[in-house]
Amino acid sequence: MWLLQTSGWSLPAVTGEVAARSGFGSMVTSEKQQVARRLLLCTHEFPPIVGPRGVRLLHLSRELAARNWQIDVVTARHAPTSSRYDAASLADMPPGLRVYRTFPGVVRAAAHRWLRPQALVGPTDPRNNGVLAKIVSVLRTLAIPDPAVEWLPFALCQGCKLLRDNSYDVIVSSGYPFTGHVLGYLLKRVSNVKWLAEYGDPWAFNPGSRSGSCRRSLDTLLESTLLQKVDGVTVTTEATRLAYLQHYPFLRPDRIWTLQSGYSPAEYSRAPTVTSSRFRLVYTGIFNQGIRSPEQLFRALTQLTDLDIEFVHAGPVAAHCLETIRSLGLDGTQSLGNVARSQALGLQKGASLLVLIGFQTPLLLPMKTLEYIGAKRPILCIRNCEHDIAADLTVRLRRGIVAQNTPGSIAAAIREAYNLWKCGRLDPKFHLDDLPEFTWSHAGATLHSILTGL
């Protein structure tokens, strides 16, 4: 109890809140959708945490609420010191949505209390090399299925209480963290309510995982056990859907769907554009060392010192990235760290060229691909594998330039874009209009259809 009190966390472990208004304006419900359905959403990350999971679930919740779904959310209570905490995002939650924030666990509470926020993103930050940071790192490495498992008992208690007090049509669990799916599985077992597992990235066979064979086998066993009880699964790409059918043959093809992410035209229209008189390259989000490393991009920039360009990165900055920037002498690089989401969108809207690094796997599509489409700016997509979904989409939509992940190819693509920009021909070269099939409204309609079918 002393630890909970001194860490800024207190029991009881849950708080409930109801969203009363929305920054997106009113939403109209079809006359054909008079009967409200109830949904229980289980997710470790939800606004004011605005990582990819939080943003995706916020927009999907808004779209479901517009289609007459009443939504209760069981999530973790995050401290304002978290690097991804954005209080402004709370204003965008749909009216009537009820959020129950539970105690996240002792390790996370201690980390928020005594470590710098960077430790929650990357414990390799040199400012967090103390004993506590090392202990936290080891505990998170050993946690099964992931570090959020310490939140599970508190979330399970709250979920069971909500199931006793309410009648739900469906339970939706979200991962990553995949502890959310464990929670969904347990709540289904105690209630027999229909359960949909909503995936961002694959779990046991995630190509970006660095786990050993023993850990992968354990993850496969756990995921297989859960999926044998699931009523439906959504993944973000068709390639991932086919991979799940291959890895788990017991899954029914008509019970696993592709549900891509999207962008909100209204959200982009509200964000003030941040421009520059120089040719500005913009990257928003985190760099992934290993599967989406920026090293070749940084080396390409050293070949362009004769051009009037600048590179702006808004997002968590790992120590190895800062060291690479310093060692290469990239004085024109601005690393802003975490910024408010509205500022990140404004930087996207004002960019001369948006930088997108694809995955080293044909299974995954960075969510920022859809955001960049919403920003309506040309994209420089760095292809990271032969069947890079982001690169193929950029070409198909005529949304920008694709370069191979080598310094020479990247530098040549940037120089080409710069020359077009200097003579006012960059934007006309590409198709930069709104694309409704990539909006959250389209994704929400798809999810509504899936849930109704369950």
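None of the values given here were measured: they were computed from a predicted structure.

Draft legend 1. The overall build of the protein chain, seen in detail. Of the regular secondary structure elements, the protein chain holds 16 helices and 14 strands. For the protein chain, with 454 residues in total, the buried portion stands at 54%. Counted over contacts in the protein chain with a minimum sequence separation of 6, partners at least 24 positions apart contribute 77%. Split by element, the accessible area of the protein chain, about 19300 Å² in all, is 54% carbon and sulfur.

Draft legend 2. Representation of the nonpolar core. Residues Phe 279, Leu 281, Leu 301, Phe 311 and Ile 414 are the most contacted members of the largest nonpolar core, which totals 56 residues. Contact partners of Ile 414, with chain neighbours within four places excluded, come to Phe 279, Leu 281, Leu 297, Leu 301, Leu 304 and Leu 380.

Draft legend 3. View of the environment of Leu 163. Mapped onto the elements, Leu 163 comes out in helix α5 (residues 152-165). Of the residues examined, Leu 163 reaches a relative accessible area of 15% and is grouped as buried. Taking the C-alpha atoms as reference, Leu 163 lies 9.0 Å from Val 190; in sequence the two are 27 residues apart. Those residues within four positions of Leu 163 in sequence are excluded, and the remaining contacts are Leu 40, Tyr 168, Ile 171, Leu 187, Val 190, Ser 191 and Val 193.

Draft legend 4. How the structure looks around the pattern of salt bridges. Under the definition given, this model contains 24 salt bridges. One salt bridge connects Lys 161 with Asp 165, and the closest N-O pair in it is separated by 3.0 Å. Taken together, the residues Lys 161 and Asp 165, both in helix α5 and four residues apart, mark about one turn of the helix.

Draft legend 5. Up close: the sheet that holds strand β12 (residues 353-357). Read from one edge of the open sheet, six strands run β11-β10-β9-β12-β13-β14, paired in parallel fashion. Two strands bound the open sheet, and with one partner strand each, they are β11 (333-337) and β14 (400-404). Between one strand and the next, the sheet's axes are offset by a mean angle of 25 degrees, whatever the strand orientation. Pairing geometry for strand β13 (residues 379-383) and β14, over five bridges, is parallel. Counterpart to Ile 382 in the pairing with β14 is Ala 403. Contacts from helix α13 (residues 368-375) reach β9 (279-284), β12 and β13, with the element oriented near 165 degrees to β12. Sitting on the sheet, helix α15 (residues 407-422) is in contact with β9, β10 (309-314), β12, β13 and β14, with an inclination near 155 degrees to β14.

Calculation criteria
- Residues numbered from 1 in each chain as written.
- Predicted model: local features only at pLDDT ≥ 70, side-chain atom pairs only at ≥ 80, totals over all residues.
- Heavy atoms only, no water.
- Helix = DSSP H or I, 4+ residues; strand = E, 2+ residues; numbered from the N terminus.
- Buried < 20%, exposed > 50% of the residue type's maximum accessible area, 1.4 Å probe, protein only.
- Contact = heavy atoms within 4.5 Å.
- Areas by Shrake-Rupley, 256 points an atom, 1.4 Å probe, with all protein chains shown as cover.
- Core = buried A, V, L, I, M, F, W, Y, C linked by side-chain atoms within 4.5 Å.
- Salt bridge = Lys/Arg side-chain N within 4 Å of Asp/Glu carboxyl O.
- Pairing = 2+ DSSP bridges.
- Axes fitted to C-alpha atoms, helices over the stretch in contact; angles between N-to-C directions.

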